[in-house]
Amino acid sequence: SLFENLDLELISNDISKSSSKINRILRNIDSQKRPVLLSALMICLYEKDTISNDFKNSYHNYSTINIIRNVPTTINDILINEDIEQSKIDVLLNELAFMKTDKDLNDTEILKNILIELENNVIPLFNKQTSYDIIGKFYEEFLRYAGIANVKKGIVLTPNHITKLFTELIDIKTNDIIFDSCCGTGAF
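Residues numbered from 1 in each chain as written. Predicted model: local features only at pLDDT ≥ 70, side-chain atom pairs only at ≥ 80, totals over all residues. Heavy atoms only, no water.

Observations regarding the overall build of the chain
Phase 1: In terms of regular secondary structure, the chain is built from nine helices and zero strands.
Phase 2: The order of α-helices and β-strands along the chain, N terminus first, is α-α-α-α-α-α-α-α-α.
Phase 3: When each of the 188 residues of the chain is scored for burial, the buried share is 36%.
Phase 4: Considering only residue pairs separated by 6 or more positions, the chain has 69% of its internal contacts joining residues 24 or more positions apart. (Helix = DSSP H or I, 4+ residues; strand = E, 2+ residues; numbered from the N terminus. Buried < 20%, exposed > 50% of the residue type's maximum accessible area, 1.4 Å probe, protein only. Contact = heavy atoms within 4.5 Å.)

Spelled out as structure tokens, the structure:
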């Protein structure tokens, strides 16, 4: 990361473009359901070095019905592998039940188009080594384009200048332990 020259303005613009594009693709989906759907699709593309993700490797060849059928099982498998409690997984899967009956999702290539956008233009940005909260910025932009009031949904992202100030104010030593009970994306 020391030698990687990151253009944060370009990254921010790319995030904004992708957020806007995904919201346009989802324009006929209830704005309250969009964040959960987006999160689910991002989970479906999650891959660890040690475990291959069949969904990520195959969704390009899936029909819309197969994508809808495979999203819940993929999420379940990935989250169980990450030691997430089944009760929490079930809450997410219940929130996604609308996918099976939503006419727009079933009759179009919406899901595949979003997966392609995420895989090609969003997720690669998450792997950049920077103190800039790329995931938080993407989610914030997505919610803004969706017209969702962050505070009403309990989502409050600490502005970058505040996190920078606070991290400069505290004298952190190498053996200090920091606990942030509301860490979210962990950027702060």
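What about the layout of surface pockets?
Phase 1: Within this model, the second largest pocket holds a volume of roughly 270 Å³.
Phase 2: Around the second largest pocket, the lining is made up of 16 residues, and of these Ser52, Asn53, Asp54, Asp77 and Ile78 lie nearest the centre.
Phase 3: Among the elements of the structure, α3 (54-58) and α4 (64-81) are those that each provide at least two residues to the lining of the second largest pocket.
Phase 4: At six residues, α4 tops the list of elements feeding residues into the lining of the second largest pocket. (1 Å grid on protein atoms, 1.4 Å probe; cavity = no way out; pocket = protein on both sides within 12 Å on 5 of 7 lines; lining within 4 Å. Points joined across faces, edges and corners; volume = space filled by probe spheres on them.)

Thoughts on the pattern of salt bridges
Phase 1: Within the structure shown, the criterion is met by five salt bridges.
Phase 2: The salt bridge partner of Glu47 is Lys56, with a shortest N-O separation of 3.5 Å.
Phase 3: Among the residues examined, Glu47 registers a relative accessible area of 35% and is labelled partly exposed.
Phase 4: Between Lys103 and Asp107 there is a salt bridge, with the nearest N and O atoms lying 2.7 Å from each other. Of this pair, Lys103 and Asp107 both sit in helix α6 (residues 103-107), four residues apart, which is roughly one turn of that helix.
Phase 5: Owing to a relative accessible area of 52%, Asp107 belongs among the exposed residues under this scheme. (Salt bridge = Lys/Arg side-chain N within 4 Å of Asp/Glu carboxyl O.)

Some thoughts on the packing of aromatic side chains
Phase 1: The full count for this structure, using the stated rule, is two aromatic pairs.
Phase 2: Centre to centre, the rings of Phe55 and Tyr59 are 5.9 Å apart; their planes meet at 20°, and the pair counts as stacked.
Phase 3: Residue classification places Phe55 among the buried residues on the basis of a relative accessible area of 3%.
Phase 4: Since its relative accessible area comes to 0%, Tyr59 is described here as buried.
Phase 5: An angle of 70° between the planes, with centres 5.9 Å apart, marks the rings of Phe55 and Tyr62 as edge-to-face. (Phe/Tyr/Trp six-rings, centres within 6.5 Å; stacked < 30°, edge-to-face > 60°.)

A short note on helix α5 (residues 86-95)
Phase 1: Turning to α5, its buried residues are Ile89, Leu92 and Leu93. Taken around the axis of α5, the buried residues stretch over an arc of 100°, which confines them to a single face. Exposed side chains of α5 directed beyond 90 degrees from the buried face belong to Lys88, Val91 and Asn94.
Phase 2: Among the structural elements, α2 (34-44) and α4 are those in contact with the buried residues of α5. (Arc of directions from axis to C-beta.)

Re the environment of Lys56
Phase 1: Relative to the assigned elements, Lys56 resides in helix α3.
Phase 2: On the basis of relative accessible area, Lys56 is assigned to the buried category, the value being 18%.
Phase 3: When the C-alpha atoms of Lys56 and Thr74 are compared, they prove to be 9.4 Å apart, with 18 residues separating the residues in sequence.
Phase 4: Among all residues touching Lys56, those that are not within four sequence positions of it are Cys44, Leu45, Glu47 and Glu119.

Quick look at the nonpolar core
Phase 1: Core analysis: the largest hydrophobic core is formed by 43 residues, its most contacted members being Leu37, Val71, Ile75, Met99, Leu105, Leu118 and Phe138.
Phase 2: Of all the secondary-structure elements, those providing two or more residues to this core are α1 (8-25), α2, α4, α5, α7 (110-126) and α8 (134-146).
Phase 3: The contact partners of Leu37, leaving out residues within four places of it in the chain, are Leu26, Leu96, Phe98, Met99, Leu105 and Leu111. (Core = buried A, V, L, I, M, F, W, Y, C linked by side-chain atoms within 4.5 Å.)

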